[in-house]
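Okay, here's what each chain looks like letter by letter:
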Amino acid sequence: MTSRESEPVLGLFVFSIIVAFSLAIVPMPEWLGRFRPDWVALVIIYWLMVRPRQVGIGAAWLVGLILDALKSALLGQHALAMAVVGFLAIRFRLRTRVFPVWQQMLSVSLMIAMYQFILYWIDGVSGQEIPLTDRLATVAASALVWPFISLILSTLRR
């Protein structure tokens, strides 16, 4: 692929990440905030499954670092979790892409569960406690949103 062919992918990647950042930090009522999907992680998973050479684990790590700054989290917390999820997305992308939608939702929910587990572990080590039920609600919401994220980004990519 030439550099001209990858330019639209880079522009669309940056645009989708900016939208995901916006959705990740928009204020919500507390009862609804528990069910906020991991927008940024979902977008990273999508791009790493579709274009792993243009968007790599380094980009996932950098996006996680920016997310740390946006959410005032422990520096490197989201970056580490994004890098691990990025590795998993690239590793299993060929299998996951051919799955039917319900199996993709299951695969993506397992990746998001790993992401949330890493954040839960780091929060526990650093003394910040977020209830496990909130983490599980995020995993469930992310799984339910995955088909729409995949459809929207696939349509924009074409």
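Just above sits the structure.
No experiment lies behind these values; they were computed from the predicted model shown.

(A) The overall build of the protein chain, seen in detail. Check the secondary structure of the protein chain and you find eight helices and zero strands. Across the protein chain, helices and strands are ordered from the amino to the carboxyl terminus as α-α-α-α-α-α-α-α. Dimensions along the principal axes, computed over C-alpha positions, put the protein chain at roughly 50 × 30 × 30 Å. In the protein chain, which comprises 158 residues, the share counted as buried stands at 43%. Sequence separation of 24 or more characterises 68% of the internal contacts of the protein chain that already satisfy a separation of 6 or more. With the model as given, the accessible surface of the protein chain reaches about 9000 Å², and the carbon-plus-sulfur share is 69%.

(B) Region of interest: a nonpolar patch on the surface. On the surface, a cluster of nonpolar side chains totalling about 820 Å² of accessible area is made up of Leu80, Met114, Phe117, Tyr120, Trp121, Val125, Leu132 and Leu136. When residues of the nonpolar patch are traced back to their parent elements, those giving at least two are helix 7 (101-126) and helix 8 (132-157). Here the nonpolar patch gets five residues from one element, more than from any other, and that element is helix 7. Structurally, tyrosine 120 can be placed in helix 7. Tyrosine 120 sits in the partly exposed class, given a relative accessible area of 35%.

(C) A look at helix 3 (residues 39-50). For helix 3, spanning 12 residues, the distance from its first C-alpha to its last is 17 Å, which sits close to the expected 16 Å at 1.5 Å a residue. Here helix 3 has its buried residues at Trp39, Val40, Ala41, Leu42, Val43, Ile44, Ile45, Tyr46, Trp47, Leu48, Met49 and Val50.

(D) Main features of helix 4 (residues 57-71). Here helix 4 contains 15 residues, and its C-alpha end-to-end distance of 21 Å stays within 8% of the 21 Å for a straight helix at 1.5 Å per residue. Residues of helix 4 that are buried include every one of Ala60, Val63, Gly64, Leu67 and Asp68, and no others. Viewed along the axis of helix 4, the buried residues span an arc of 150°, placing them on a single side of the element. Turned more than 90 degrees from where helix 4 packs its buried face, Gly58 and Ala69 sit exposed. Positive backbone phi, at 55°, marks serine 72, one or two positions downstream of helix 4.

(E) Structural detail: the side chain of serine 150. By the element assignment, serine 150 lies in helix 8. Exposure remark for serine 150: the relative accessible area of 16% places this residue in the buried category. When sequence neighbours within four positions are dropped, the list of residues in contact with serine 150 reads Tyr46 and Gln104.

Rules used throughout
Residues numbered from 1 in each chain as written. Predicted model: local features only at pLDDT ≥ 70, side-chain atom pairs only at ≥ 80, totals over all residues. Heavy atoms only, no water. Helix = DSSP H or I, 4+ residues; strand = E, 2+ residues; numbered from the N terminus. Buried < 20%, exposed > 50% of the residue type's maximum accessible area, 1.4 Å probe, protein only. Contact = heavy atoms within 4.5 Å. Areas by Shrake-Rupley, 256 points an atom, 1.4 Å probe, with all protein chains shown as cover. Patch = residues over 30% accessible without salt bridge, like charges linked within 9 Å, V, L, I, M, F, W, Y side chains within 5 Å. Salt bridge = Lys/Arg side-chain N within 4 Å of Asp/Glu carboxyl O. Expected span 1.5 Å × (residues − 1). Arc of directions from axis to C-beta.

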